[in-house]
Amino acid sequence: MRGMFRSLRGYNYRVWAIGALVSNVGTWMQRIGQDWLVLTQLTHHNASAVGVVMALQFGPQVLLLPLTGYAADHFNRRRLLFTTQALMGVLALGLGVLTVTGLVKLWEVYAFALALGCVTAFDSPARQTFISELVTEEDLSNAVALNSTSFNAGRMIGPAVAGLLIAVIGTGWVFVFNAVSFGAVFGSLGLLRREELHDKHWARHTRSSLTEGFRYVWRRPDLRAVLLMLFLFGTFGLNFAIFISTMAVSVFHADAGRYGLLSSSLAVGTVAGALLAARRATPSIPLLIIAAAWFGIGLTLAAISPNAWLFAAMLLLIGVSAQTFTTSTNSLVQLSTEPAMRGRVVAILLAIALGGTPLGAPVVGWVADTFGARWSLGVGAAAGLAAVLVGVRYLVRYHALQVRFDAGRLRFSMERHVSSPLQGEG
């Protein structure tokens, strides 16, 4: 257990983790409140409208990609986080005031989602790579995993609290609470010991700084494979807001409280997946393949679940596999990327993970509206299988993966170092 939580031995990371946990609870409360507001108060169970909100919120991850990665590599990340967190708090408060006073309209939710997406596009790569300033390189994989644990602990706590608050005092106060929670991040950023930050790898500005990240990834077949797997996984598989809300409302006829509990079931699985990732020294592509396979199996079983309790049980499996995949992808990319390029490569990773949503969420929402909520989960299951095929193709091509039957058992073998990933083989 000491190895699982080893990053917390450092003062800076420990302070950061406390503030981040409080803020993560508020963030997940807002996500649940926003989806519930659109689905039940501003529309009549319109999953496509939820998809539009998700598209507007995550679309800027793609549109602003060159600028966000550049900012994370060239600007002081601590100061950048002060700015982005303040803006996100103001936006949460604004939406909360409109909702509490009963003045909120659907187009206003769209506008707030777009504005939040623009700010988050700068916040996310800076926040992810800021972890490398809080710990040593040896503890980076563990710190990334614990950061995901905090994020998903917020996913576990936030939806349940949001469901309770919505039922008791209304949706608007969920947004107000989120605005207040950003104060915890300000406190943690202010308490950091700046002389102990590991900020030795700032990138130098060149005329090609904005596009250098793309060229770096293109020369790395391992990164190309991992990011393509993430694109398929994130675009069509990580649409949990649509999956859970439509299943809860249209299939199981659940109220806000049960909807929050279903979301928390997923979160329990994601916390477990993040903790398991924290125990691993180094992630690998075979691990990503296994996680993607279990993700597809979990979504398939969830799609055919006859009641909410079995659906919640499948959400646990889905949460473990999804978090294993995403956390391991983040760690693998950061550990295998040069420190001076880390911000731009992580920005590409986040743009793919979150920015793929504008493509996938409307499609998944349309499938849910047209064919039913269960079929939308089938889309996610197919995405998991497609990610498996991409990973297997990479291992066959670059690591000579072979599959054979031996004494009635399926066995795998591959060479670890067939060629350097920096050779740029296509």
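Please read all numbers here as calculations on a predicted model, not as lab measurements.

### Topic: the overall build of the chain
Across its full length, the chain carries 17 helices and 2 strands. Within the chain, buried positions represent 56% of all 426 residues. Partitioning the intrachain contacts of the chain with sequence separation of at least 6 by distance along the chain shows that 84% fall at a separation of at least 24. If you sum the accessible surface of the chain, you get close to 18000 Å²; carbon and sulfur atoms cover 66% of it.

### So, the confidence of the model for the chain
Mean pLDDT for the chain: 84, with 90% of residues reaching 70 or above. For the chain, the element scoring lowest by mean pLDDT is strand S2 (residues 409-413), at 61; helix H5 (residues 77-100) scores highest, at 93. When the criterion is pLDDT under 50, residues 417-426 qualifies, and its contacts beyond four places in sequence or with other chains add up to 21 contacts.

### Re the packing of helix H6 (residues 106-134) against helix H7 (residues 140-168)
Two elements in contact, H6 and H7, have axes whose closest approach is 9 Å; the angle formed by their N-to-C orientations is 135°. Considering their axes alone, H6 and H7 lie oblique with respect to each other. Crossing geometry of H6 relative to H7 is assigned as right-handed. Packed against H6, whose contacting residues are Gln128, Ile131 and Ser132, the element H7 presents Leu140, Ala143, Val144 and Asn147 at the interface. Here the residues of the contact of H6 with H7 sort into 4 nonpolar, 3 polar and no charged.

### Some thoughts on the environment of Leu191
With respect to the helices and strands, the residue Leu191 is situated in helix H8 (residues 172-191). We classify Leu191 as exposed; its relative accessible area is 53%. Residues Leu191 and Trp16 lie 175 residues apart in sequence; the distance between their C-alpha atoms is 8.7 Å. Apart from residues lying up to four places away in sequence, Leu191 is in contact with Tyr11 and Val15.

### Some points on helix H11 (residues 240-251)
Given a rise of 1.5 Å per residue, 12 residues ought to cover 16 Å, and the 15 Å separating the end C-alpha atoms of H11 matches this to within 8%. A large share of H11 lies buried, amounting to 10 of its 12 residues. Among the residues of H11, those classed as buried are Phe240, Ala241, Ile242, Phe243, Ile244, Ser245, Thr246, Met247, Ala248 and Val249. Note on H11: the residue one or two positions beyond its end, His253, has a positive phi of about 55°.

### Remarks on the packing of aromatic side chains
Evaluated as defined, the whole model comprises 11 aromatic pairs. With a centroid separation of 5.8 Å and 25° between ring planes, the pair formed by Phe82 and Phe186 is classed as stacked. Of the two residues, Phe82 is situated in helix H5 and Phe186 in helix H8; the sequence distance between them amounts to 104 residues. A relative accessible area of 29% places Phe186 in the partly exposed class. Measuring from ring centre to ring centre gives 6.3 Å for Phe240 and Phe243, while their planes differ by 65°; the resulting arrangement is edge-to-face. Highlighted residues: Phe240 and Phe243, both in helix H11, separated by 3 residues, approximately one helical turn. We classify Phe243 as buried; its relative accessible area is 2%.

### Some details on the environment of Asn178
Residue position: Asn178 is located in helix H8. For the pair formed by Asn178 and Gly158, sequence separation is 20 residues and the distance between their alpha carbons is 9.8 Å. Non-local contacts of Asn178, meaning those with residues more than four positions away in its chain, are made with Ser23, Gly26, Thr27, Gln30 and Ala92.

### A closer look at a nonpolar patch on the surface
A contiguous nonpolar patch, built from Val100, Leu164, Val168, Ile169 and Trp173 and spanning about 490 Å² of accessible area, is present on the exposed surface. Residue position: Trp173 is located in helix H8. Its relative accessible area of 41% is what places Trp173 among the partly exposed residues.

### Here's the deal with the nonpolar core
Residues Phe240, Phe311, Ile318, Phe325 and Leu377 are the most contacted members of the largest nonpolar core, which totals 87 residues. Broken down by element, the residue count for this core peaks at 10 residues, all from helix H14 (residues 308-335). The contact partners of Phe311, leaving out residues within four places of it in the chain, are Phe243, Met247, Phe252, Leu262, Ala302, Ser305 and Leu377. In terms of nonpolar packing, the next biggest core, distinct from the first, is built from 25 residues, Leu81, Phe130, Leu134 and Ala145 among them.

### Details of the side chain of Gln30
Within the secondary structure, Gln30 is located in helix H1 (residues 11-42). Beyond its immediate chain neighbours, meaning those up to four positions away, Gln30 contacts Ala92, Leu95, Leu116, Val174, Phe175 and Asn178.

### Observations concerning the pattern of salt bridges
Within this structure, the stated rule accounts for 7 salt bridges. Linking Asp73 and Arg344 is a salt bridge whose minimum nitrogen-to-oxygen distance equals 2.7 Å. Separated by 271 residues along the polypeptide, Asp73 in helix H4 (residues 65-74) and Arg344 in helix H15 (residues 342-355) bring together distant segments of the chain. According to the relative accessible area criterion, Arg344 is buried, its value standing at 5%. Two residues, Asp222 and Arg220, come together in a salt bridge whose shortest N-O distance is 2.8 Å. Note on accessibility: Asp222 and Arg220 belong to one class, buried.

Parameters and conventions
Residues numbered from 1 in each chain as written. Predicted model: local features only at pLDDT ≥ 70, side-chain atom pairs only at ≥ 80, totals over all residues. Heavy atoms only, no water. Helix = DSSP H or I, 4+ residues; strand = E, 2+ residues; numbered from the N terminus. Buried < 20%, exposed > 50% of the residue type's maximum accessible area, 1.4 Å probe, protein only. Contact = heavy atoms within 4.5 Å. Areas by Shrake-Rupley, 256 points an atom, 1.4 Å probe, with all protein chains shown as cover. pLDDT = per-residue confidence, 0-100. Axes fitted to C-alpha atoms, helices over the stretch in contact; angles between N-to-C directions. Parallel < 35°, antiparallel > 145°, perpendicular 65-115°, else oblique. Left-handed = near helix turned anticlockwise from the far one by under 90°. Nonpolar A, V, L, I, M, F, W, Y, C, P; charged D, E, K, R; others polar. Expected span 1.5 Å × (residues − 1). Phe/Tyr/Trp six-rings, centres within 6.5 Å; stacked < 30°, edge-to-face > 60°. Patch = residues over 30% accessible without salt bridge, like charges linked within 9 Å, V, L, I, M, F, W, Y side chains within 5 Å. Salt bridge = Lys/Arg side-chain N within 4 Å of Asp/Glu carboxyl O. Core = buried A, V, L, I, M, F, W, Y, C linked by side-chain atoms within 4.5 Å.

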